[in-house]
Structures are given as structure tokens and as C-alpha cells.
Amino acid sequence: MPDGVTSNDDVWVVIPVFNEHQVIAEVAEQVRATFPNVVCVDDGSRDGSAEQIAGTGAHLVRHPINMGQGAALQTGLSYARTRPGSQYFVTFDADGQHRVEDALALLEVARSGAADVVLGTRFGAGTGRIPLLKRLVLRTIVALSPTARKLKLTDAHNGLRVLTRPVVDDLRITMNGMPHASEIVSYLAGSSWRVREVPVTILYSDYSRAKGQSLVNGVNILFDLSIRQRGN
Amino acid sequence: MIVQIVLLAAVLAALVMFVRRRHGVHMQAGKRVGLIAFAALNVYAVLQPDRLTEVANRLGVGRGTDLVLYLLVVAFIFGMLNFYLRFREIDRRFTELTRTLAIREAEIVNAERHLTATRPVAVTVPAGADDRVATAPTRPTL
């Protein structure tokens, strides 16, 4: 690849979208200012998110029905890896809680060859800004997840990640719902990929807070995961 | 308290089945035999309630109906797990089907939006050729 470090032509940003019409166009354009290749996977939204995406320069993949964030991520990765020249894959949340600068920082680590997978963590810096209840939920998930402990991860459910091409070629997300984040972690723990965590800042706006994971969802994630590890 | 051992063993068997990665022909046959045996036991229980109570007493349960109830609970758990596994398999296939459709459609839509043709990668190869590479529905990427 002749791509210079600055052009980011070999990077694909995957944004799973479900009912985010208020913010998605802005988020997609913001990302595109740095990363020319963006694919938004509309996961069967009913609020016109797809039309919003169509108005931007981002690629659009539409699930005809809602299948969950994990399924949307896998679809986006499957699409992006067939694009010519794609080498790095960034997963990015649609609600605008991630910063593009952080994605660049993660990408730098991946480009340096120090890691095959770079995960964002909310617990590296500025922990105080995370709402207390959310912090408890996230900490509990990590504490109860043997795989997250094995990798010494501090944050198993951060939507900001950078995956290199060999990882994406190998990875298959089968958990369609929210547990996909833990599924990715347990996949990484069972593989020989080098994993790094890099601190990121989450922008907790009222919008993203209303959309984020609740305590109830934490219970669901734990249940789905325990079943998955038995059955499969 | 024989019954407790028997019932706990049955629940354990259900869990083991659930943990098993693959369900082979033997497992399938076993499930069917189990179902028929359970149905036969119920027929017997309806026809011979007194004999059933005797059996129940010998196993350490008060009445025959209680024994049937306990077995029903085990059978219910068993059936639930079975359905859950099958449902998940269907869900997995359904997801793959939907994903393939979504990506195919996206290839067309994004080509119409002139996204696949205007990618910076097109500079290095002839534009027409790149377009074809980009939009060709190659091997399923699942």
C-alpha cells in the first residue's frame, strides 16, 4: 500500500446505526473529514436514519429489518473488507460519543505494528466524567468476564476499536445483540492477536446518555453471554 | 429419596445435552425415545393411577400425580433448552441471509451514488476496472 499515514485511504470506519436520525449525518461527516471511507450500517431504523446517511458521502448498507448492533457491525466489516485497499477497520458509535482524535490515536498504535487490535477504554483517563451507575455496570461486566480479565482489559464494552485486516478476515460476530462486545473480547482472548488498550474520552451528551447501556441491559448481557459460552 | 437422585440426574442430563457442542444422530434419537417413553408413562399413569402411586411410593414420592408433575418439570426444561438451541440456529442462518442481501443491495446503491467509483483507490487502477472489482458480488463474505 502506497498510502501515506496522513491520507487514511486504507482505513474503513464502520458505524452501526439504529434510529439515530438526529445525529448520524453530522457524525458521519465529522468522521469523513478525517477518514474518507465510512460505511454506515442502518440496522432497520424506522426514523429516516437511512435517508440522513444517503445525504452524506458515507457508504450505506441497510438491513431490511432490525437485527442488533452485533449483526450490524459484522455486516459493516464484511462490506468494508471487500473494498479495495482496506487494511484498518475502525468501529465507531453512531451517537457521537466518540472523538475522531481518539480513533486516530488508536490507529497510530495499530499502524506502528505494536498491536493487531486496539481497543478504546473509558478508564484510562478522565474516569470521573463517567456517570456512577454506568461505571458500576461496566466494572461489573469486566469483573465477571474471565476473558476480559485474562487480557487485563479495563473496559469490555467500548464501541471504539481498531482492527487490522487479518483480524477482520478471521473474526465472525455471531451475537447479534449487545453481547457482541463481550464476544469480541472472548474471541480475542482465545486468539493469538496482540491486543492493546488506549484511553479514550467519551462525550456523554444528554443524547448519548439516553441511548447508552442501562443496568438492565447489563443483566441481559451477562445472561446471553453465559448461555453462549455453553451452547457454542 | 430415590426420586431426588433420579430427578436431579435428569436435570443434569438436560444440562449436559445443552453444553454439548454438537447434537449428533444419537442425541436426536435419544430425545425421540425419551419423548415416546414419557408419553407412554403418561398413558400408563392415566390407566393405572394406583399402580403409579405404588411406583411413586417406592421412589419416595407421596402420590403418583406428584411423580408425573416432577417428571413434567424435567421434560419442560429439556424441551425449552432444545427449542432455544434450535431457535438460535435459525436466527443465525436468517442473519447470514439478511446480511448477504443487504451487502448486495448496498453494492448497487453505493455504485449509483458514485461512491465506489470515486474512492481514492480508483486513482491507482483504471477507473472502469476498479468499478467492476468494487461492485462484483464476489464470494459471500460470511
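Residues numbered from 1 in each chain as written. Chains lettered and ligands numbered in written order. Predicted model: local features only at pLDDT ≥ 70, side-chain atom pairs only at ≥ 80, totals over all residues. Heavy atoms only, no water.

**Q** Report on the overall build of chain A, specifying residues and quantitative values.
**A** Scanning chain A from terminus to terminus reveals 10 helices and 7 strands. Across the 232 residues that make up chain A, the buried fraction comes to 56%. Per element, the accessible surface of chain A, about 9,200 Å² overall, is 53% carbon and sulfur. (Helix = DSSP H or I, 4+ residues; strand = E, 2+ residues; numbered from the N terminus. Buried < 20%, exposed > 50% of the residue type's maximum accessible area, 1.4 Å probe, protein only. Areas by Shrake-Rupley, 256 points an atom, 1.4 Å probe, with all protein chains shown as cover.)

**Q** Now, about the overall build of chain B: what can you tell me, with residues and values included?
**A** Helix and strand counts for chain B come out as 5 helices and 0 strands. Counting helices and strands in the order they occur from the N terminus, chain B gives α-α-α-α-α. With 142 residues in all, chain B has 23% of them scored as buried. A separation threshold of at least 6 residues defines the contact pool for chain B, and within that pool the share at least 24 residues apart is 55%. Of the roughly 9,800 Å² of accessible surface on chain B, 69% is carried by carbon and sulfur atoms. (Contact = heavy atoms within 4.5 Å.)

**Q** How would you sum up the environment of Tyr187(A)? Please name residues and give values.
**A** Residue and element names in this part refer to chain A. For Tyr187, the position within the fold is in helix H8 (residues 180-189). When the C-alpha positions of Tyr187 and Ile173 are compared, they lie 9.1 Å apart, and in sequence the two are 14 residues distant. If we skip the residues at most four places from it in the chain, Tyr187 touches Val167, Asp170, Leu171 and Trp193.

**Q** Tell me what's going on with a nonpolar patch on the surface, and back it up with residues and numbers.
**A** A grouping of Leu69(B), Tyr70(B), Leu72(B), Val73(B), Phe76(B), Ile77(B) and Met80(B) is seen on the molecular surface, where their side chains present a nonpolar patch of about 660 Å² in accessible area. Examined against the element boundaries, Ile77(B) turns out to sit in helix H4 (residues 64-112). (Patch = residues over 30% accessible without salt bridge, like charges linked within 9 Å, V, L, I, M, F, W, Y side chains within 5 Å. Salt bridge = Lys/Arg side-chain N within 4 Å of Asp/Glu carboxyl O.)

**Q** Requested: an account of the packing of aromatic side chains, with residues and values cited.
**A** All names here are of chain A. This structure, assessed with the given rule, holds 1 aromatic pair over all chains. Pairing Trp12 with Tyr79 gives two aromatic rings, centres 6.5 Å apart and planes at 75°, and the pair type is edge-to-face. With a gap of 67 residues between them, Trp12 in strand S1 (residues 11-17) and Tyr79 in helix H3 (residues 69-81) connect regions that are remote in the sequence. Just as Trp12 is buried, Tyr79 falls in that class too. Over the face of the ring belonging to Tyr79 we find Arg83, whose NZ or CZ atom lies 4.1 Å from the ring centre. (Phe/Tyr/Trp six-rings, centres within 6.5 Å; stacked < 30°, edge-to-face > 60°. Lys NZ or Arg CZ within 6 Å of the ring centre and 35° of its normal.)

**Q** Just give me the short version of the pattern of salt bridges, but keep the residues and values in it.
**A** Inspection of the entire model under this criterion finds 15 salt bridges over all chains. The closest approach of N and O atoms between Arg99(A) and Asp102(A), which form a salt bridge, is 3.1 Å. The partner of Asp169(A) in a salt bridge is Arg165(A), with the nearest N and O atoms 3.6 Å apart. With Asp169(A) and Arg165(A) both in helix H7 (residues 165-170) and 4 residues apart, the pair spans about one turn of that helix. Shared partners join several salt bridges into a network, and the residues in it are Glu89(B), Arg92(B), Arg93(B) and Glu96(B).

**Q** Explain empty space enclosed by the protein to me, using residue names and the numbers behind them.
**A** All names here are of chain A. Under the criterion given, the structure shown has 3 cavities of 30 Å³ or more. Put simply, the second largest cavity is a space of about 50 Å³. Around the second largest cavity, the lining residues are Leu119, Gly120, Asp155, Ala156, Asn158, Leu160, Arg161, Ala181, Ile184, Val185 and Leu188. For the lining of the second largest cavity, the element with the highest residue contribution is H8, accounting for 4 residues. Partitioned by chemical class, the residues of the lining of the second largest cavity number 7 nonpolar, 2 polar and 2 charged. (1 Å grid on protein atoms, 1.4 Å probe; cavity = no way out; pocket = protein on both sides within 12 Å on 5 of 7 lines; lining within 4 Å. Points joined across faces, edges and corners; volume = space filled by probe spheres on them. Nonpolar A, V, L, I, M, F, W, Y, C, P; charged D, E, K, R; others polar.)

**Q** I'd love a proper account of the packing of helix H3 (residues 49-59) of chain B against H4(B), names of residues and values included.
**A** When two helices pack together, their arrangement is given by the angle between the helix axes and by the axis-to-axis distance. All names here are of chain B. Viewed as axis vectors pointing N to C, H3 and H4 meet at an angle of 70°, and their least axial separation amounts to 7 Å. With respect to each other, H3 and H4 are oriented roughly perpendicular. Taking contact as the criterion, the partners of Leu52, Thr53, Val55, Ala56 and Leu59 in H3 are, on H4, Gly64, Thr65, Leu67 and Val68. Along the lines of polarity and charge, the residues of the contact of H3 with H4 split into 6 nonpolar, 3 polar and no charged. (Axes fitted to C-alpha atoms, helices over the stretch in contact; angles between N-to-C directions. Parallel < 35°, antiparallel > 145°, perpendicular 65-115°, else oblique.)

**Q** Can you tell me about the pairing of strand S6 (residues 161-164) of chain A, naming the residues and giving the values?
**A** All names here are of chain A. Burial of the side chains of S6 extends over both faces: Arg161 and Leu163 are buried on one face and Val162 and Thr164 on the other. As paired strands, strand S4 (residues 88-91) and S6 are joined by 4 bridges and run antiparallel to one another. When the sheet's bridge partners are listed, Phe89 is paired in S6 with Leu163. Pairing between strand S5 (residues 117-121) and S6: 3 bridges, direction antiparallel. Within the sheet, the bridge partner assigned to Val118 lies in S6 and is Val162. (Pairing = 2+ DSSP bridges.)

Taken by themselves, the reported measurements are silent on function.
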